[in-house]
Amino acid sequence: MSLSKHESSSEFQPLPHDLADVADMDALLQSEARVQRSSMPADLVTRIAAVSSPMLQQAGEPVLKLHEASSEETLGSRRQERARASGSAWKHRRLAWAGLAMAACAAIAVLVMPSAKPRRASDLASNIDPVAEMDLLIAAVDAMDQHATLPALGIDDSSIPEALSDEDRSPLVEIGGSL
Amino acid sequence: MRESSARNPSLPPPPPADSVELSTLLQRASKGDQGAWEELLQLYSRRVYALARSRLRNDHLAEELTQSVFCTVASKLATTGYTEQGKFEPWLFRVAINRIRDHVRSMQRRGPIGSDAALEGVAAAPNTTGAASQTDSDVMQALRGAMESIGDADRQVVELRHQAGLSFAQIAEILDEPIGTLLARHHRALRKLKSILESAGVSISGMAAADSSTQIKSARSGVTP
């Protein structure tokens, strides 16, 4: 960057020779630019300096500190270092306890699960005796036909209160009759 | 000289003596020298402000943006350091135009950019007196209106050239475009502006007579960018 370039760029650039036909426009724009530049508040430089100077002051701090901050010892690596130094033993202890707890849970599950697991539909079906079911149904139908009472069906009706009517005591008969 | 220009906003800031001086200033600033940093602010803040104000048409936004740009520059200088290789101005104004673009986009999302009332009266403020000031103000307002109606690409070249005061070589570096393309675009933009002003019945010949005579002289002397 030469001296003339600085001088010309801080003021206004000379018009290239091929722009002579718009020289008046060029001059008008320069006047406009002067107006814009001169309209800057006088204290703006001071205000900008007040805000931006602290940023530059950081640059004046000792080189070693800046070097340390910007070298490989970054914030992340420092965190990892601290974690390694202070938390590694605790981490190992926690892992050991977690492992033990998981092993205990697994053992309990092995012991408890076979009895606690829900029976499947096939298991339930296998516990029903289809012949006995059918016999009971046939007896009930016969009893209905014969207006049988509960004892005739082999059902103990002694627990039924006396106040109840016969109809109440022989519901199957009633049901059968209504059927 | 720099002290007086700091107190009087109408005086343009003096340029650095040479690239060595700018390099020294930047080195000192990057090491936390507040005096050097303030000198840099004196040198460049007006141009950044003018660029921002021309595009945003709002005093407060232009101030905020100028502050933001120099905070970014200070931060970069402090953290990475800087070795002047003739790239400071393009870098500074690239930061500025990116920040302006972000502002314009965010404002477009929120609504149209309104013109600042204070800006309308700005043209009459310096170096104008009597009846001529009203004419100048009218012309300036017409010029700002015309700037709105040319395309963004053309407008950017005009603003970087005039408000930021950059050379075409620097603009080419910032926009990453061939210098010939930028020269053509600038010429076209100025012709468009002139055409718009003429069709609006605005006479610019009398207003910029002094400046244009200087420019035409330099143009005839064959100065290239």
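Enquirer: Looking at this structure, I do not really get the packing of aromatic side chains. What am I missing?
Expert: Geometry of an aromatic ring pair is reported as the spacing of the ring centres plus the angle between the planes. All names here are of chain B. All chains considered together, the criterion is met by three aromatic pairs over all chains. Plain terms: the ring middles of Trp37 and Phe70 are 6.2 Å apart, the flat faces sit at 70 degrees to each other, and that makes the pair edge-to-face. Linking Trp37 in helix H3 (residues 34-56) with Phe70 in helix H4 (residues 59-80), this pair joins segments that are 33 residues apart in sequence. A ring pair is formed by Tyr44 and Phe88, whose centres lie 5.3 Å apart and whose planes are at 65 degrees; its orientation type is edge-to-face.

Enquirer: Sorry, what's going on with the layout of surface pockets here?
Expert: All names here are of chain B. Here the second largest pocket is characterised by a volume of approximately 400 Å³. Counting residues per element, the ones that place at least two in the lining of the second largest pocket are H3, helix H5 (88-110), helix H7 (130-149) and helix H8 (152-162). Residues of the lining of the second largest pocket, tallied by class, amount to nine nonpolar, two polar and eight charged.

Enquirer: Help me understand empty space enclosed by the protein, please; the structure alone is not making it clear to me.
Expert: A water-sized probe, rolled over the atoms, reveals where empty space remains. Enumeration over the complete set of coordinates arrives at one cavity of 30 Å³ or more. What the largest cavity holds in volume is close to 80 Å³. Where the lining of the largest cavity is concerned, the elements lending two or more residues are helix H2 (23-38) of chain A together with H7 and H8 of chain B. Among the elements that make up the lining of the largest cavity, the one with the highest residue count is H7 of chain B (four residues). For the lining of the largest cavity, a count of residues per class yields three nonpolar, three polar and six charged.

Enquirer: Looking at this structure, how should I read the environment of Val69 of chain B?
Expert: Residues and elements named next belong to chain B. Structurally, the position occupied by Val69 is in helix H4. For Val69, a relative accessible area of 0% corresponds to the buried category. Along the primary structure Val69 and Asn98 are separated by 29 residues, whereas in three dimensions their C-alpha atoms are 9.5 Å apart. Those residues in contact with Val69, other than ones at most four positions away along the chain, are Val48, Leu92, Val95, Ala96 and Arg99.

Enquirer: I would appreciate a short explanation of helix H2 (residues 19-30) of chain B in the present structure.
Expert: One turn of the α-helix equals 3.6 residues, which is why residues spaced by three or four share an orientation. All names here are of chain B. Compared with an ideal rise of 1.5 Å per residue, which puts 12 residues at 16 Å, H2 spans 16 Å between its outermost C-alpha atoms and is within 8% of the ideal. Where H2 is concerned, the buried positions are Leu22, Ser23, Leu25, Leu26, Ala29 and Ser30. In an axial view of H2, the angular spread of the buried residues amounts to 160 degrees, which keeps them on one side of the axis. Gly32 occupies a position one or two residues after H2 and carries a positive phi of about 95 degrees.

Enquirer: I keep staring at the confidence of the model for chain A and nothing clicks. Help me out?
Expert: Low pLDDT marks stretches whose predicted atomic positions should not be read closely. Residue and element names in this part refer to chain A. Looking at chain A, the pLDDT average stands at 66 and 42% of residues meet or exceed 70. Of all helices and strands in chain A, the one with the weakest mean pLDDT is helix H1 (residues 3-10) (40), whereas H2 scores best (88). Long-range and interchain partners of residues 173-179, a stretch whose pLDDT sits below 50, account for six contacts in this model, where long-range means more than four residues apart.

Enquirer: Looking at this model, I keep getting lost on the packing of helix H9 (residues 168-175) of chain B against helix H10 (residues 179-199) of chain B. Mind explaining?
Expert: The relative placement of two packed helices comes down to the angle between their axes together with the axis-to-axis distance. Residue and element names in this part refer to chain B. Put simply, H9 and H10 touch, their axes get as near as 9 Å, and they point 110 degrees apart. One element, H9, and the other, H10, form an angle in the roughly perpendicular class. Where H9 approaches H10, its residues Phe168, Ala169, Ile171, Ala172 and Leu175 are matched on the opposing element by Ile179, Leu182, Leu183 and His186. The class makeup of the residues in the contact of H9 with H10 is eight nonpolar, one polar and no charged.

Enquirer: Looking at this structure, how should I read a positive patch on the surface?
Expert: Residues and elements named next belong to chain B. Taken together, the side chains of Arg101, Arg105, Arg109 and Arg110 define a basic patch exposed on the protein surface. Following the sequence through the fold, Arg105 ends up in helix H5. Since its relative accessible area comes to 45%, Arg105 is described here as partly exposed.

Thresholds applied
Residues numbered from 1 in each chain as written. Chains lettered and ligands numbered in written order. Predicted model: local features only at pLDDT ≥ 70, side-chain atom pairs only at ≥ 80, totals over all residues. Heavy atoms only, no water. Phe/Tyr/Trp six-rings, centres within 6.5 Å; stacked < 30°, edge-to-face > 60°. Helix = DSSP H or I, 4+ residues; strand = E, 2+ residues; numbered from the N terminus. 1 Å grid on protein atoms, 1.4 Å probe; cavity = no way out; pocket = protein on both sides within 12 Å on 5 of 7 lines; lining within 4 Å. Points joined across faces, edges and corners; volume = space filled by probe spheres on them. Nonpolar A, V, L, I, M, F, W, Y, C, P; charged D, E, K, R; others polar. Buried < 20%, exposed > 50% of the residue type's maximum accessible area, 1.4 Å probe, protein only. Contact = heavy atoms within 4.5 Å. Expected span 1.5 Å × (residues − 1). Arc of directions from axis to C-beta. pLDDT = per-residue confidence, 0-100. Axes fitted to C-alpha atoms, helices over the stretch in contact; angles between N-to-C directions. Parallel < 35°, antiparallel > 145°, perpendicular 65-115°, else oblique. Patch = residues over 30% accessible without salt bridge, like charges linked within 9 Å, V, L, I, M, F, W, Y side chains within 5 Å. Areas by Shrake-Rupley, 256 points an atom, 1.4 Å probe, with all protein chains shown as cover. Salt bridge = Lys/Arg side-chain N within 4 Å of Asp/Glu carboxyl O. Lys, Arg positive; Asp, Glu negative; His and termini not counted. Charge placed at Lys NZ, Arg CZ, Asp CG, Glu CD.

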